[in-house]
Amino acid sequence: MRNRVKEHVFALDARWCDELEEVLFSDPVPNLYSIEHYWACPLPVSSPRIPLHYYQGFVGCERDGRLCCVLLLGSNVVPVRLCGAAVEHVAVEHAEHDVDSHRAEAVDAPTPDTPALDTAALDATALDATALAHREALAQLLLQVGSRLDSMFGESAFVMPLWTRMQELCEQSRGGKSPLLQMQQPSLRDGCDHRARVLSERPNQPLLYLPPEKDLARFYAVELPELPAHLPAPLNPGESPAAAFQLSGETAGYARLATSADLEELLPAAAAMFTEEVGFDPIARYGEGYAARLRTLIAGQRSAIVTDVNGRVIFKADAGIVNLDAAQVQGVWLHPDYRGYGLAKPFFAAAAQVLQHRYPHLSLYVNDYNARALAMYRGTGWEQIGQFSTIIFER
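Residues numbered from 1 in each chain as written. Predicted model: local features only at pLDDT ≥ 70, side-chain atom pairs only at ≥ 80, totals over all residues. Heavy atoms only, no water.

## Some remarks on the overall build of the protein
At step 1: Along the backbone of the protein there are 16 helices and 13 strands.
At step 2: The 395 residues of the protein split such that 49% are buried.
At step 3: Look at the contacts in the protein between residues 6 or more apart in sequence, and 70% of them connect residues 24 or more apart.
At step 4: Summed over its atoms, the accessible surface of the protein is roughly 18900 Å², and 52% of this surface lies on carbon and sulfur atoms. (Helix = DSSP H or I, 4+ residues; strand = E, 2+ residues; numbered from the N terminus. Buried < 20%, exposed > 50% of the residue type's maximum accessible area, 1.4 Å probe, protein only. Contact = heavy atoms within 4.5 Å. Areas by Shrake-Rupley, 256 points an atom, 1.4 Å probe, with all protein chains shown as cover.)

Given below as structure tokens:
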């Protein structure tokens, strides 16, 4: 197989700052993860002299001297721009037009008569030779990264075409030396099944945005439903004795900002959320790094929680990625014991209000099959502005 990586892909250095910033900040809400990385790790003065599959940072492709593809490379990969994807995205929008009315609000029941959209079928006719070469080069690069990949996520228009090409290259190179293929475990169907390393494919994840002017108080300033006697009652910060979290004034309903004193209770709650959502225990994989991440969120006043009267965290939501006055909400979780009692909406609305004190522009993305979560978000004023996709890999 022809190696297109050296031909087309390069690490972005300081010469590309202006063009990269134009890409990132032209639409900051879906690019918050990449923007946060850009501020934390500026582009190097000159391109590093190491193989790209060992590099962590922004790489790209150029067309006529202009940046046309951008990929944030690391254990978590984010395709920020993909050559030709804008053409595909328009085609996808037209193809989806006929089925949108059936899908938009049908969060509680499937629509079996609605035809599935085959975005891959739109691919070949929309791209020129340069776009195809760039796509193949980036797919080859990710296959070379192989076992170091944790996930690939971002806007669907960029993630899914690249993921499709990665799978096609795996099929073509069966028996070859791709690190991704070397990780495969034999299956009954195929001893070299490229999907064996994929923990989860989530192609449809609505990207939602909460306009700052939305009135959230009407959702959290309500009397909570009666709970079974064996469940400790949620603690209302406004009615509790004076404490450190009250000094900040950042409370709403039953939600408040977490403090360092909450870490011991917050850690198992955060780990439970991660395990439910992603499929593996973050403490087992990341060790002390996961607790350090929580300490960072707490220190930055980016974790909103609800506790019961005994101090146990029963609800949490984080401003996981931030830039200026915008944040992407992550880690939304309600303790299993408290589910089914109508608490998710008032707790989440209150937590969003707390986070909006510092970050007026909130966004999040959610799996389309999570009907209850979608209904709750839309029911509290969140609006869909795009679509994400996530591919999670096994280690």
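## Observations regarding the pairing of strand 13 (residues 383-393)
At step 1: Two strands pair when backbone bridges link them, and strand 5 (residues 151-155) and strand 13 are joined in this way by 5 bridges, in the antiparallel orientation. Counted as the bridge partner of F153 is T390 from strand 13.
At step 2: Pairing between strand 6 (residues 198-210) and strand 13: 9 bridges, direction antiparallel. Directly across from L207, in strand 13, lies its bridge partner G386. (Pairing = 2+ DSSP bridges.)

## A look at helix 14 (residues 288-299)
At step 1: Look at helix 14: 16 Å from first C-alpha to last across 12 residues, which is about the 16 Å you get at 1.5 Å a residue.
At step 2: When helix 14 is considered as a whole, its buried residues turn out to be Y290, A291, L294, L297 and I298. Each buried residue of helix 14 sits inside an arc of 115 degrees when the element is viewed along its axis, so together they form one side. Across helix 14 from its buried face, at more than 90 degrees, point the exposed residues E288 and A299.
At step 3: Considering only its buried residues, helix 14 is in contact with helix 12 (263-278), helix 13 (282-286), strand 9 (303-307) and strand 10 (313-323).
At step 4: Just beyond helix 14, the residue with positive phi is Q301, at close to 55 degrees. (Expected span 1.5 Å × (residues − 1). Arc of directions from axis to C-beta.)

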